[in-house]
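Given next are the chains, with one letter for each unit.
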Amino acid sequence: MENIAPIAVLIDELRSEDVQLRLNAIHSIPTIALALGPDRARSELIPFLQDSLDDEDEVLLALAEELGKDFEQYIGGKQFAHLLLGPLESLSAVEETLVRDMAAESIAKIAGVLSTPQIEEFYIPLLKRLSQGEFFTSRTSSAALYPPVYSKVSWLIQEDLRKSFAALGADDTPMVRRAAAKWLGSFVKNLSKEHILSDGLPIYRRLQSDDQDSVRLLTVEDLIVIAKQLTPPEVKEQLLKQIRHSIADKSWRVRYIAATHFNELAEAVGTELVREELIGQYVQLLKDNEAEVRTAAAGQIPGFSKLLEKEVILARIVPCVRDLSHDASQHVRAALANHISGLAPLLGREPTIEHLLPLFLHLLKDEFPEVRLNVISKLETVNGVIDIELLSESLLPAIIELAEDKSWRVRQAIIEYIPLLATQLGKPFFDEQLGNLCMSWLGDTVFSIRESATVNLKKLTEVFGVDWAKVQIVPKVMGMGQHPNYLYRMTTVQAITTIAPSLNLAIVQAEIIGPLLQLAEDPIPNIRFNVAKSLEVLAATYGDTAEGREFVRQSIVPVLEQQKTDPDADVRYFAARAFQKAQPVDMLG
């Protein structure tokens, strides 16, 4: 009976109407294989799975995945791994792309554990069947299966594989050609230089001039792989025409991919070709008539400029950057704002002040908040090149404008950059120019801003130190506790809760605890229970020294005792919780 159980349970569950139950059954096949033992897993489980392939796509996807997770260990080890190819071959030909891709991925993993005789006896025939399959689905899947085994087989079979892959690249169905383009790069990495030139390049050229742009756009990455395998003179001789075609393709999607990978391409082709040819091509992309292409090209500016001399950057790249800073598309300007600062270290102090600083200022006044924030977030790079006075003089008005923006999300984003700005600008400048601004956010009408403002004060305390906080933050925060509007008083309590762990006991005793305990008797219950939460944090933070325990016993515990009898249920709850946390501290004292 026990012998029948595992496979019988699986059969029952796979016949269930409930998809979830069938999915669970598939995920449990490693356990079932273990229960059956290697011999029965090979003789019963694998054939059963082979016959269970008429199911929902998500069940088939799970099966394709399970078979690729070192499943050979359950059927007797590597020498039997080829048995798993049967079910996976069938899964590689189904209609659903996700299932096919997962099956191909699992077959490729299994290829890694097969010996050369196993590959030649079982894998290569499977590859041929899929490559010559009647339906395009199996031919599509086959493209992924060439790279894993090419280097493991004899030269005769390698010759066959090159021919078969070339046939996929010339297939009538665009989906198959697309798969060939997708996997050509991985396949070419396994070829010798001689075979790249004799076989790899013709396949690439054919796909690169395909009439479908969805095929052509996949060849950009193939181009980079091939260029890396060749010498710069060979690239110039063999690939220059294709490089020009891809960058000037009539489809914007191909140009977009070329722009996205431009730096990789530039590094692959070598310095000489970059100077002779690619600068012109890159300028062409920066001036493209499609905003998506210009956005992608803008993202490559610092990386590409690293390959050029300073004079060339000033003559060819900076004029384009100037045009992009006035681009009609906000996305182009945002991408530029994110990367323009990368030019500063390459240009040095004077050119940065002359050429880039005006552009920073222009972008900081952009109507689109993301553009302004991108400039601010990357100031550190510029700060290393030009002095802080000049930078802050120019940038501060723009920062203050952002801090008072009508959109609360913009205000919140700028708050998050304040600690970074504080680090860059230094204490004196910060106190003079931005200190009051940081305090004003505590009274913002939007709760998220008030909350971010308290976290900001905590981070600033960590940047500038406790003594600075004692003078600059604590008096202002505690002063708000007397405000007639309860929201301001609430902010004081929440700010104490957030900042207290970054201060020290002396400041808490001298400046904070008195006004906080007054708020414990506030007429608004919300404030009273937030005081209880704050006292809980203070007790936990400072209760680990003798002095701190004494402070908890004398100042915190009596107030919590009193709050435990508060008329409001919430206040009583939070006071009791805080009292419980403070008690062990008090006992230790």
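Residues numbered from 1 in each chain as written. Predicted model: local features only at pLDDT ≥ 70, side-chain atom pairs only at ≥ 80, totals over all residues. Heavy atoms only, no water.

## Thoughts on the overall build of the protein
Put simply, the rule is: In this description a helix means any DSSP run of H or I spanning at least four residues, a strand means any run of E spanning at least two, and both kinds are numbered starting from the N terminus. The reference for a compact globule is 2.2 Å times residues^0.38; the radius of gyration itself is calculated from the C-alpha atoms. Per-residue accessibility, obtained with a 1.4 Å probe over protein chains only, is compared with the maximum for each type, and a residue is labelled buried under 20%, exposed over 50%, and partly exposed between these values. Values of accessible area rely on a 1.4 Å probe in the Shrake-Rupley scheme; residue burial ignores everything except the protein chains shown.
Along the protein, the regular secondary structure elements total 39 helices and 0 strands. Expected size for 589 residues packed as a compact globule is a radius of gyration near 25 Å; at 34 Å, the protein overshoots this value by more than 25%. For the protein, the spread of C-alpha atoms along the three principal axes comes to 90 × 80 × 40 Å. A buried classification covers 52% of the 589 residues belonging to the protein. Surface exposure of the protein reaches about 26300 Å², of which carbon and sulfur atoms provide 52%.

## A few points about the environment of Ala8
By the element assignment, Ala8 lies in helix α1 (residues 5-14). Once the C-alpha coordinates of Ala8 and Leu98 are considered, the two residues, 90 residues apart in sequence, prove to be 29 Å apart.

## Remarks on the nonpolar core
The condition that has to hold: Remark: nonpolar core denotes a set of buried residues (Ala, Val, Leu, Ile, Met, Phe, Trp, Tyr, Cys) joined through side-chain atoms within 4.5 Å. Pairs of residues are marked as contacts when any of their non-hydrogen atoms sit within 4.5 Å.
In this structure, Phe71, Tyr123, Leu239, Ile243, Ile301, Phe304 and Trp441 are the most contacted members of the largest nonpolar core, which totals 201 residues. Ignoring any residue separated from it by four or fewer positions in sequence, one finds Tyr123 in contact with Leu85, Ile107, Ala111, Leu114, Gln118, Leu145, Pro148 and Val149.

## What to know about helix α32 (residues 447-464)
As a reminder, the rule being used: Expected span of a helix, by definition, is 1.5 Å for each gap between consecutive residues, and there is one gap fewer than residues.
Here α32 spans 26 Å end to end across 18 residues, near enough to the 26 Å set by a 1.5 Å rise per residue. Residues of α32 that are buried include every one of Ile449, Arg450, Ser452, Ala453, Thr454, Asn456, Leu457, Leu460, Thr461 and Phe464, and no others. On its buried face, α32 sits against α29 (408-425), α30 (427-433), α31 (435-440), α33 (466-472), α34 (474-479) and α35 (486-499). Trailing α32 by a residue or two, Gly465 shows a phi angle of about 100°, which is positive.

## A look at the packing of aromatic side chains
Using the following cut-off: Planes of paired rings set the category: under 30 degrees apart is stacked, over 60 is edge-to-face and the rest tilted, where pairs are Phe, Tyr or Trp rings (Trp by its six-membered ring) whose centres lie within 6.5 Å. Two limits define a charge over a ring: the Lys NZ or Arg CZ must be within 6 Å of the ring centre, and within 35 degrees of the ring normal.
Enumeration according to the criterion identifies 12 aromatic pairs in this entry. Ring centres of Tyr150 and Phe187 lie 5.3 Å apart, and the angle between their planes is 80°; this geometry places the pair in the edge-to-face category. Placement of Tyr150 in helix α10 (residues 147-150) and of Phe187 in helix α12 (residues 174-188) is noted, with a sequence separation of 37 residues between them. Since its relative accessible area comes to 1%, Phe187 is described here as buried. Aromatic side chains Phe262 and Tyr282 sit 5.1 Å apart centroid to centroid with 35° between the ring planes, which places their arrangement in the tilted category. Residue Phe262 is located in helix α18 (residues 262-269), and its partner Tyr282 is located in helix α19 (residues 271-286); the two are separated by 20 residues in the primary sequence. On the basis of relative accessibility, which here comes to 0%, the residue Phe262 falls in the buried class. Residue classification places Tyr282 among the buried residues on the basis of a relative accessible area of 0%. Pairwise contacts between aromatic rings join Tyr146, Tyr150, Phe165 and Phe187 into one cluster. One residue, Arg42, lies across the ring of Phe80, its end atom 3.8 Å from the ring centre. The ring of Phe579 is capped by Lys564, whose NZ or CZ atom sits 3.7 Å from the centre of that ring.

## Focus: the pattern of salt bridges
For side chains of opposite charge, pairing can occur when their charged atoms come near one another. Selection rule: The salt bridge criterion pairs a side-chain nitrogen of Lys or Arg with a carboxyl oxygen of Asp or Glu, the two atoms within 4 Å.
Applying the stated criterion to the full structure yields 30 salt bridges. The shortest N-O distance in the salt bridge between Asp288 and Arg255 comes to 2.5 Å. Placement of Asp288 in the loop between α19 and α20 (291-298) and of Arg255 in helix α17 (residues 252-260) is noted, with a sequence separation of 33 residues between them. Looking at Arg255, the relative accessible area reads 10%, which means it is buried. Note that Glu536 and Lys581 form a salt bridge whose closest N and O atoms lie 2.9 Å from each other.

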